[in-house]
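So you can see what is in the structure, the chains are spelled out below.
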Amino acid sequence: MEVKTLAIIGAGAMGNGIAQVSAVGGYNVAINDISEASLNKALATINKSLTKIVSKGKITQEDMDNSVARIKTSTSLTEVCKEADLVIECVFENLELKKKIFENLDKICKPEAILGTNTSAIPVTEIASSCNRGDKVIGIHFMNPVPLMKGVEIIRGQLTSEETMEATLKYVKKIGKEAAIAVDYAGFIVSRLLDVLMNEAVKLVQEGNSPEEIDKAMMLCAGHPMGPCKLLDLVGAEIAMHGMETMERDFGDEYKPHPLLKKRVLAGLLGMKTGKGFYDYK
Ligand code: CAA
(Lines give C-alpha, C1' and ligand atoms only; values in the text may rest on other atoms or scores of the structure.)
Protein backbone atom coordinates (compact mmCIF):
# COMPACT_ATOMS: atom_id res chain seq x y z
CA MET A 1 0.00 0.00 0.00
CA GLU A 2 1.13 3.56 -0.71
CA VAL A 3 1.23 5.95 2.24
CA LYS A 4 0.09 9.46 1.31
CA THR A 5 -1.72 10.83 4.33
CA LEU A 6 -0.55 10.70 7.92
CA ALA A 7 -2.25 11.13 11.28
CA ILE A 8 -0.20 11.96 14.34
CA ILE A 9 -1.77 11.33 17.75
CA GLY A 10 -0.27 13.59 20.42
CA ALA A 11 1.18 17.05 19.73
CA GLY A 12 4.15 16.97 22.13
CA ALA A 13 7.82 17.22 21.20
CA MET A 14 7.84 13.90 19.34
CA GLY A 15 4.42 14.38 17.69
CA ASN A 16 5.14 17.84 16.34
CA GLY A 17 8.63 16.82 15.21
CA ILE A 18 7.26 13.82 13.31
CA ALA A 19 4.52 15.98 11.76
CA GLN A 20 7.17 18.48 10.65
CA VAL A 21 9.56 16.03 8.99
CA SER A 22 6.64 14.19 7.35
CA ALA A 23 5.19 17.41 5.92
CA VAL A 24 8.62 18.43 4.61
CA GLY A 25 8.84 14.95 3.06
CA GLY A 26 5.68 15.71 1.06
CA TYR A 27 3.01 14.00 3.17
CA ASN A 28 -0.33 15.50 4.17
CA VAL A 29 -0.37 15.41 7.95
CA ALA A 30 -3.16 15.83 10.50
CA ILE A 31 -2.23 16.19 14.16
CA ASN A 32 -4.60 15.23 16.96
CA ASP A 33 -4.45 16.20 20.62
CA ILE A 34 -7.08 16.52 23.32
CA SER A 35 -6.13 20.15 23.88
CA GLU A 36 -6.43 22.99 21.37
CA ALA A 37 -3.65 24.84 23.23
CA SER A 38 -1.25 21.92 22.66
CA LEU A 39 -2.08 21.90 18.96
CA ASN A 40 -1.38 25.63 18.68
CA LYS A 41 1.88 25.20 20.58
CA ALA A 42 2.85 22.37 18.19
CA LEU A 43 2.26 24.60 15.16
CA ALA A 44 4.34 27.38 16.73
CA THR A 45 7.17 24.91 17.44
CA ILE A 46 7.07 23.62 13.85
CA ASN A 47 7.21 27.18 12.49
CA LYS A 48 10.16 28.04 14.72
CA SER A 49 12.07 24.89 13.78
CA LEU A 50 11.42 25.30 10.05
CA THR A 51 12.44 28.97 10.18
CA LYS A 52 15.77 27.88 11.64
CA ILE A 53 16.17 25.20 8.96
CA VAL A 54 15.38 27.76 6.21
CA SER A 55 17.92 30.18 7.73
CA LYS A 56 20.56 27.47 7.37
CA GLY A 57 19.69 27.03 3.69
CA LYS A 58 18.63 23.40 4.10
CA ILE A 59 15.18 24.07 2.64
CA THR A 60 13.73 27.15 0.91
CA GLN A 61 11.06 29.51 2.26
CA GLU A 62 8.74 28.07 -0.41
CA ASP A 63 9.41 24.50 0.86
CA MET A 64 8.57 25.70 4.36
CA ASP A 65 5.33 27.40 3.28
CA ASN A 66 4.23 24.33 1.32
CA SER A 67 5.10 22.05 4.25
CA VAL A 68 3.17 24.15 6.77
CA ALA A 69 0.19 24.20 4.38
CA ARG A 70 0.18 20.39 4.40
CA ILE A 71 -0.36 20.28 8.20
CA LYS A 72 -3.84 20.32 9.73
CA THR A 73 -4.87 19.96 13.37
CA SER A 74 -7.98 18.79 15.17
CA THR A 75 -9.05 17.70 18.64
CA SER A 76 -11.27 15.05 17.00
CA LEU A 77 -9.54 11.67 16.72
CA THR A 78 -12.03 10.55 14.06
CA GLU A 79 -11.53 13.68 11.97
CA VAL A 80 -7.75 13.23 11.98
CA CYS A 81 -7.69 9.48 11.40
CA LYS A 82 -10.47 8.66 8.98
CA GLU A 83 -8.45 9.42 5.82
CA ALA A 84 -5.02 8.38 7.15
CA ASP A 85 -2.92 5.68 5.47
CA LEU A 86 -0.45 5.74 8.35
CA VAL A 87 -1.16 6.72 11.95
CA ILE A 88 1.71 7.39 14.35
CA GLU A 89 0.72 7.39 18.01
CA CYS A 90 2.93 9.69 20.13
CA VAL A 91 1.07 10.04 23.42
CA PHE A 92 2.93 9.77 26.72
CA GLU A 93 4.27 6.43 27.89
CA ASN A 94 1.23 4.76 29.47
CA LEU A 95 0.41 1.25 28.31
CA GLU A 96 -3.30 1.39 29.18
CA LEU A 97 -3.74 4.72 27.35
CA LYS A 98 -1.91 3.43 24.28
CA LYS A 99 -4.00 0.24 24.24
CA LYS A 100 -7.22 2.27 24.48
CA ILE A 101 -6.08 4.48 21.59
CA PHE A 102 -5.21 1.46 19.41
CA GLU A 103 -8.59 -0.11 20.21
CA ASN A 104 -10.25 3.13 18.98
CA LEU A 105 -7.96 3.47 15.95
CA ASP A 106 -8.90 -0.03 14.88
CA LYS A 107 -12.55 1.07 14.69
CA ILE A 108 -11.98 4.52 13.17
CA CYS A 109 -9.23 3.95 10.59
CA LYS A 110 -9.52 2.54 7.08
CA PRO A 111 -9.04 -1.26 7.16
CA GLU A 112 -5.79 -0.96 5.20
CA ALA A 113 -4.29 1.79 7.40
CA ILE A 114 -1.01 1.11 9.19
CA LEU A 115 -0.97 1.86 12.90
CA GLY A 116 2.46 2.92 14.15
CA THR A 117 3.53 3.60 17.70
CA ASN A 118 6.39 5.90 18.69
CA THR A 119 6.73 4.23 22.10
CA SER A 120 10.32 4.34 23.31
CA ALA A 121 10.19 1.13 25.35
CA ILE A 122 6.87 -0.75 25.46
CA PRO A 123 6.88 -3.91 23.33
CA VAL A 124 4.89 -3.22 20.17
CA THR A 125 3.10 -6.57 20.37
CA GLU A 126 1.69 -5.58 23.75
CA ILE A 127 0.16 -2.40 22.29
CA ALA A 128 -1.03 -4.29 19.20
CA SER A 129 -2.85 -6.83 21.39
CA SER A 130 -5.68 -4.33 21.91
CA CYS A 131 -6.68 -4.29 18.23
CA ASN A 132 -7.59 -6.77 15.53
CA ARG A 133 -5.00 -5.78 12.95
CA GLY A 134 -1.70 -6.91 14.48
CA ASP A 135 -0.34 -7.37 10.95
CA LYS A 136 -0.67 -3.60 10.43
CA VAL A 137 0.88 -2.49 13.74
CA ILE A 138 4.53 -1.46 13.83
CA GLY A 139 6.97 0.46 16.05
CA ILE A 140 8.27 3.69 14.45
CA HIS A 141 10.57 5.12 17.09
CA PHE A 142 11.81 8.61 16.24
CA MET A 143 14.64 10.27 18.12
CA ASN A 144 14.68 13.65 19.86
CA PRO A 145 15.17 16.28 18.37
CA VAL A 146 13.27 14.74 15.46
CA PRO A 147 14.26 17.31 12.79
CA LEU A 148 17.97 16.77 13.49
CA MET A 149 18.32 13.05 14.20
CA LYS A 150 18.93 10.91 11.13
CA GLY A 151 17.88 7.53 12.54
CA VAL A 152 14.48 5.96 13.19
CA GLU A 153 14.19 2.65 15.00
CA ILE A 154 11.71 0.30 13.36
CA ILE A 155 10.24 -2.51 15.43
CA ARG A 156 8.40 -5.43 13.94
CA GLY A 157 5.71 -6.77 16.28
CA GLN A 158 4.94 -10.48 16.50
CA LEU A 159 2.27 -10.20 13.79
CA THR A 160 3.60 -7.29 11.68
CA SER A 161 3.35 -8.20 7.99
CA GLU A 162 6.05 -7.83 5.38
CA GLU A 163 3.79 -5.39 3.51
CA THR A 164 3.51 -3.14 6.60
CA MET A 165 7.26 -3.30 7.08
CA GLU A 166 7.94 -2.37 3.43
CA ALA A 167 5.46 0.54 3.39
CA THR A 168 6.93 1.88 6.66
CA LEU A 169 10.52 1.64 5.42
CA LYS A 170 9.48 3.50 2.26
CA TYR A 171 7.96 6.27 4.39
CA VAL A 172 11.11 6.56 6.55
CA LYS A 173 13.27 6.82 3.44
CA LYS A 174 11.01 9.42 1.82
CA ILE A 175 11.31 11.75 4.83
CA GLY A 176 15.11 11.54 4.56
CA LYS A 177 15.70 9.32 7.59
CA GLU A 178 17.42 5.98 7.88
CA ALA A 179 15.87 2.95 9.59
CA ALA A 180 17.60 0.72 12.14
CA ILE A 181 15.61 -2.46 12.72
CA ALA A 182 15.18 -3.69 16.29
CA VAL A 183 13.69 -6.83 17.82
CA ASP A 184 10.49 -6.35 19.84
CA TYR A 185 11.66 -6.56 23.45
CA ALA A 186 11.27 -3.82 26.06
CA GLY A 187 13.51 -0.84 25.24
CA PHE A 188 14.35 -2.18 21.74
CA ILE A 189 17.95 -1.12 20.99
CA VAL A 190 18.15 2.63 21.65
CA SER A 191 16.27 2.97 24.94
CA ARG A 192 17.74 -0.30 26.24
CA LEU A 193 21.20 1.23 25.98
CA LEU A 194 20.55 4.95 26.52
CA ASP A 195 18.17 4.61 29.48
CA VAL A 196 20.74 2.47 31.29
CA LEU A 197 23.44 5.05 30.50
CA MET A 198 21.30 7.91 31.83
CA ASN A 199 20.23 5.94 34.92
CA GLU A 200 23.90 5.22 35.61
CA ALA A 201 24.69 8.93 35.23
CA VAL A 202 22.09 9.66 37.94
CA LYS A 203 23.93 7.16 40.20
CA LEU A 204 27.19 9.02 39.49
CA VAL A 205 25.54 12.29 40.58
CA GLN A 206 24.31 10.57 43.78
CA GLU A 207 27.89 9.46 44.42
CA GLY A 208 29.09 13.08 44.24
CA ASN A 209 30.03 13.71 40.60
CA SER A 210 28.74 16.93 39.05
CA PRO A 211 26.50 16.71 35.95
CA GLU A 212 28.88 19.13 34.20
CA GLU A 213 31.91 16.87 34.77
CA ILE A 214 29.99 13.71 33.81
CA ASP A 215 28.90 15.34 30.55
CA LYS A 216 32.34 16.75 29.86
CA ALA A 217 33.91 13.33 30.43
CA MET A 218 31.54 11.56 28.05
CA MET A 219 31.87 14.23 25.36
CA LEU A 220 35.63 14.64 25.53
CA CYS A 221 36.66 11.10 26.48
CA ALA A 222 34.04 9.02 24.72
CA GLY A 223 33.08 11.28 21.80
CA HIS A 224 29.37 11.49 22.66
CA PRO A 225 27.63 14.48 21.00
CA MET A 226 26.12 15.42 24.37
CA GLY A 227 26.68 14.04 27.86
CA PRO A 228 24.15 11.73 29.58
CA CYS A 229 22.89 14.38 32.04
CA LYS A 230 22.13 16.82 29.22
CA LEU A 231 20.61 13.94 27.26
CA LEU A 232 18.35 13.09 30.20
CA ASP A 233 17.21 16.72 30.22
CA LEU A 234 16.53 16.49 26.48
CA VAL A 235 14.50 13.24 26.48
CA GLY A 236 12.79 13.90 29.83
CA ALA A 237 13.55 12.15 33.13
CA GLU A 238 10.08 10.58 33.21
CA ILE A 239 10.64 8.95 29.80
CA ALA A 240 13.93 7.38 30.93
CA MET A 241 12.31 6.26 34.21
CA HIS A 242 9.41 4.69 32.36
CA GLY A 243 11.84 2.91 30.03
CA MET A 244 13.76 1.51 33.00
CA GLU A 245 10.51 0.40 34.68
CA THR A 246 9.37 -1.38 31.52
CA MET A 247 12.73 -3.16 31.23
CA GLU A 248 12.72 -3.98 34.96
CA ARG A 249 9.26 -5.50 34.52
CA ASP A 250 10.43 -7.70 31.63
CA PHE A 251 14.09 -8.42 32.46
CA GLY A 252 14.45 -8.03 36.21
CA ASP A 253 16.05 -5.96 38.94
CA GLU A 254 19.21 -4.96 37.07
CA TYR A 255 17.07 -2.39 35.22
CA LYS A 256 15.61 -0.81 38.37
CA PRO A 257 15.46 2.99 38.00
CA HIS A 258 17.73 4.65 40.56
CA PRO A 259 15.78 6.13 43.53
CA LEU A 260 17.24 9.56 42.76
CA LEU A 261 15.85 9.35 39.21
CA LYS A 262 12.38 8.63 40.66
CA LYS A 263 12.75 11.45 43.17
CA ARG A 264 13.71 13.91 40.44
CA VAL A 265 10.66 12.88 38.39
CA LEU A 266 8.38 13.34 41.41
CA ALA A 267 9.91 16.78 41.98
CA GLY A 268 9.15 17.79 38.38
CA LEU A 269 12.82 18.05 37.41
CA LEU A 270 12.06 16.53 34.03
CA GLY A 271 14.52 18.62 32.01
CA MET A 272 13.95 21.02 29.11
CA LYS A 273 10.18 20.53 29.08
CA THR A 274 9.77 21.79 32.68
CA GLY A 275 12.58 24.33 32.40
CA LYS A 276 14.77 22.53 34.94
CA GLY A 277 16.61 19.23 35.06
CA PHE A 278 20.31 18.91 35.74
CA TYR A 279 20.59 22.26 33.96
CA ASP A 280 18.42 25.35 33.97
CA TYR A 281 16.45 26.20 30.80
CA LYS A 282 14.28 29.06 32.06
N1 CAA B 1 14.79 22.24 14.76
C2 CAA B 1 15.66 22.99 14.05
N3 CAA B 1 16.88 23.32 14.47
C4 CAA B 1 17.23 22.88 15.68
C5 CAA B 1 16.39 22.09 16.49
C6 CAA B 1 15.13 21.77 15.98
N7 CAA B 1 14.27 21.02 16.66
N8 CAA B 1 17.04 21.78 17.64
C9 CAA B 1 18.25 22.37 17.56
N10 CAA B 1 18.37 23.03 16.39
C11 CAA B 1 19.50 23.79 15.91
C12 CAA B 1 20.13 24.63 17.01
O13 CAA B 1 19.41 25.82 17.19
C14 CAA B 1 21.51 24.85 16.49
O15 CAA B 1 21.51 25.92 15.58
P16 CAA B 1 22.76 26.96 15.53
O17 CAA B 1 23.88 26.16 14.91
O18 CAA B 1 22.28 28.05 14.63
O19 CAA B 1 23.03 27.41 16.92
C20 CAA B 1 21.80 23.55 15.69
O21 CAA B 1 20.54 22.90 15.49
C22 CAA B 1 22.74 22.60 16.38
O23 CAA B 1 22.33 22.41 17.67
P24 CAA B 1 23.29 22.62 18.90
O25 CAA B 1 24.37 23.60 18.58
O26 CAA B 1 22.43 22.86 20.09
O27 CAA B 1 23.95 21.25 19.22
P28 CAA B 1 24.77 20.12 18.46
O29 CAA B 1 25.54 20.61 17.31
O30 CAA B 1 25.42 19.38 19.56
O31 CAA B 1 23.65 19.12 17.88
C32 CAA B 1 22.23 17.36 18.56
C33 CAA B 1 22.52 18.85 18.59
C34 CAA B 1 21.99 16.91 17.12
C35 CAA B 1 20.96 17.19 19.37
C36 CAA B 1 23.45 16.55 19.14
O37 CAA B 1 23.84 17.09 20.37
C38 CAA B 1 23.09 15.09 19.36
O39 CAA B 1 23.10 14.29 18.45
N40 CAA B 1 22.75 14.72 20.63
C41 CAA B 1 22.30 13.39 20.97
C42 CAA B 1 20.81 13.33 20.84
C43 CAA B 1 20.27 11.94 21.05
O44 CAA B 1 20.96 11.02 21.47
N45 CAA B 1 18.99 11.78 20.76
C46 CAA B 1 18.31 10.54 20.97
C47 CAA B 1 17.77 10.51 22.35
S48 CAA B 1 16.86 9.07 22.66
C49 CAA B 1 15.35 9.39 22.04
O50 CAA B 1 15.01 10.44 21.61
C51 CAA B 1 14.41 8.26 22.05
C52 CAA B 1 13.49 8.19 23.18
O53 CAA B 1 12.52 7.50 23.04
C54 CAA B 1 13.72 8.87 24.44
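Structure: see above.
S.K.: Go over the packing of aromatic side chains with me, naming the residues and quoting the values.
M.R.: Summed over the entire model, instances satisfying the criterion amount to two aromatic pairs. Note on Tyr27 and Tyr171: the rings are 5.3 Å apart at their centroids and 70° apart in plane angle, and the pair reads as edge-to-face. On the criterion of sequence distance, the pair formed by Tyr27 in the loop between α1 (13–24) and β2 (28–32) and Tyr171 in helix α7 (residues 162–174) is long-range, its members being 144 residues apart. The buried category is assigned to Tyr27, whose relative accessible area is 3%. Ring geometry for Phe251 and Tyr255: centres 5.6 Å apart, planes at 55°, overall tilted. Note on Tyr255: relative accessible area 11%, which makes it buried. One cation-aromatic arrangement involves Lys174 over Tyr27; the distance from NZ or CZ to the ring centre is 4.5 Å. Sitting above the plane of the Phe278 ring, Arg264 keeps its charged end 3.9 Å from the centroid.

S.K.: Tell me about the sheet that holds strand β3 (residues 71–74), residues and numbers included.
M.R.: Taken in spatial order, the eight strands make up an open sheet running β3-β2-β1-β4-β5-β6-β7-β8, and their pairing is mixed. Strand pairing shows two members of the sheet lacking a second neighbour, β3 and β8 (178–182), which therefore form its edges. The sheet shows a mean angle of 25° between the axes of neighbouring strands, direction not considered. As paired strands, strand β1 (residues 5–9) and β2 are joined by five bridges and run parallel to one another. Each residue of the ladder has a partner; that of Ile9, found in β2, is Asn32. Contacts from helix α5 (residues 95–108) reach β1, β4 (86–89), β5 (114–117) and β6 (137–142) within the one sheet, and its direction differs from that of β5 by about 165°. Taken strand by strand, α7 contacts β1, β4, β5, β6, β7 (151–156) and β8, and its axis lies near 175° from that of β7.

S.K.: Kindly report on helix α12 (residues 259–266), identifying the contributing residues and their values.
M.R.: Since the α-helix advances by 3.6 residues per turn, residues separated by three or four positions end up pointing in the same direction. Regarding α12, the residues found buried are Leu260, Leu261, Arg264 and Val265. Buried residues in α12, looked at end-on, bunch into an arc of 140°, giving them a common side. With respect to the buried face of α12, the exposed residues turned more than 90 degrees away are Pro259, Lys263 and Leu266. At its buried positions, α12 is contacted by α8 (190–206), α10 (228–235) and α11 (237–251). Of the residues one or two after α12, Gly268 is the one with positive phi, at around 80°.

S.K.: Account for the layout of surface pockets, with residues named and values stated.
M.R.: By volume, the second largest pocket is sized at about 210 Å³. The wall of the second largest pocket is formed by 13 residues, among which Thr5, Ala30, Lys72, Glu79 and Val80 lie closest to the centre. Split by residue class, the lining of the second largest pocket holds four nonpolar, four polar and five charged.

S.K.: Lay out the pairing of β1 in plain terms, naming residues and giving numbers.
M.R.: Among the five residues in β1, four count as buried, and that is most of the element. Handedness of the crossover is the feature at issue here: the chain leaves β1, passes through α1, returns alongside β2, and the resulting connection is right-handed. Bridge count for β1 against β4 is four bridges, and the pairing is parallel. The partner of Leu6 across the bridge, within β4, is Leu86.

The rules behind each value
- As a convention, each chain's residues are numbered from 1 in the sequence order in which they are written.
- This being a predicted model, a pLDDT of at least 70 is required before a residue's local features are given, and a value of 80 or more before pairs of side-chain atoms are given or counted; all residues contribute to the totals for chains, interfaces and linings.
- To get the side-chain values, all heavy atoms of the structure are used, and hydrogens and water are removed first.
- Aromatic pairs are defined between Phe, Tyr and Trp rings, using the six-membered ring for Trp, whenever the two ring centres lie within 6.5 Å; interplanar angles under 30 degrees are classed as stacked, those over 60 as edge-to-face, and all others as tilted.
- Helical segments are the DSSP runs of H or I of at least four residues, strand segments are the runs of E of at least two, and each set is numbered from the N terminus.
- Here's how the labels work: a residue is buried when its accessible area is under 20% of the maximum for its type, exposed when over 50%, partly exposed in between, all with a 1.4 Å probe on protein chains only.
- Two conditions define a charge sitting above a ring: the NZ of Lys or the CZ of Arg must be within 6 Å of the ring centre, and it must be within 35 degrees of the ring normal.
- Should DSSP find at least two bridges between two strands, the strands are taken to pair.
- A fitted line through C-alpha atoms represents every axis, and for helices the fit uses only the stretch in contact; the resulting angles, taken between N-to-C directions, go from 0 to 180 degrees.
- Any two residues whose heavy atoms approach within 4.5 Å at even a single point are treated as in contact.
- As used here, the arc is the angular range of directions from the helix axis to the C-beta atoms.
- Throughout, the protein atoms alone are placed on a 1 Å grid, and a set of points is a cavity if a 1.4 Å probe fits but cannot get out or a pocket if it is open with protein on both sides within 12 Å along at least five of seven lines; lining residues have an atom within 4 Å of a point.
- Grid points are joined across faces, edges and corners, and a volume is the space filled by probe spheres set on the points.
- In the scheme used here, Gly and all other residues not listed as nonpolar or charged are polar, with Ala, Val, Leu, Ile, Met, Phe, Trp, Tyr, Cys and Pro taken as nonpolar and Asp, Glu, Lys and Arg as charged.
- Throughout, right-handed denotes a crossover for which the path from the first strand over the helix to the second runs clockwise when the strands point away from the viewer.

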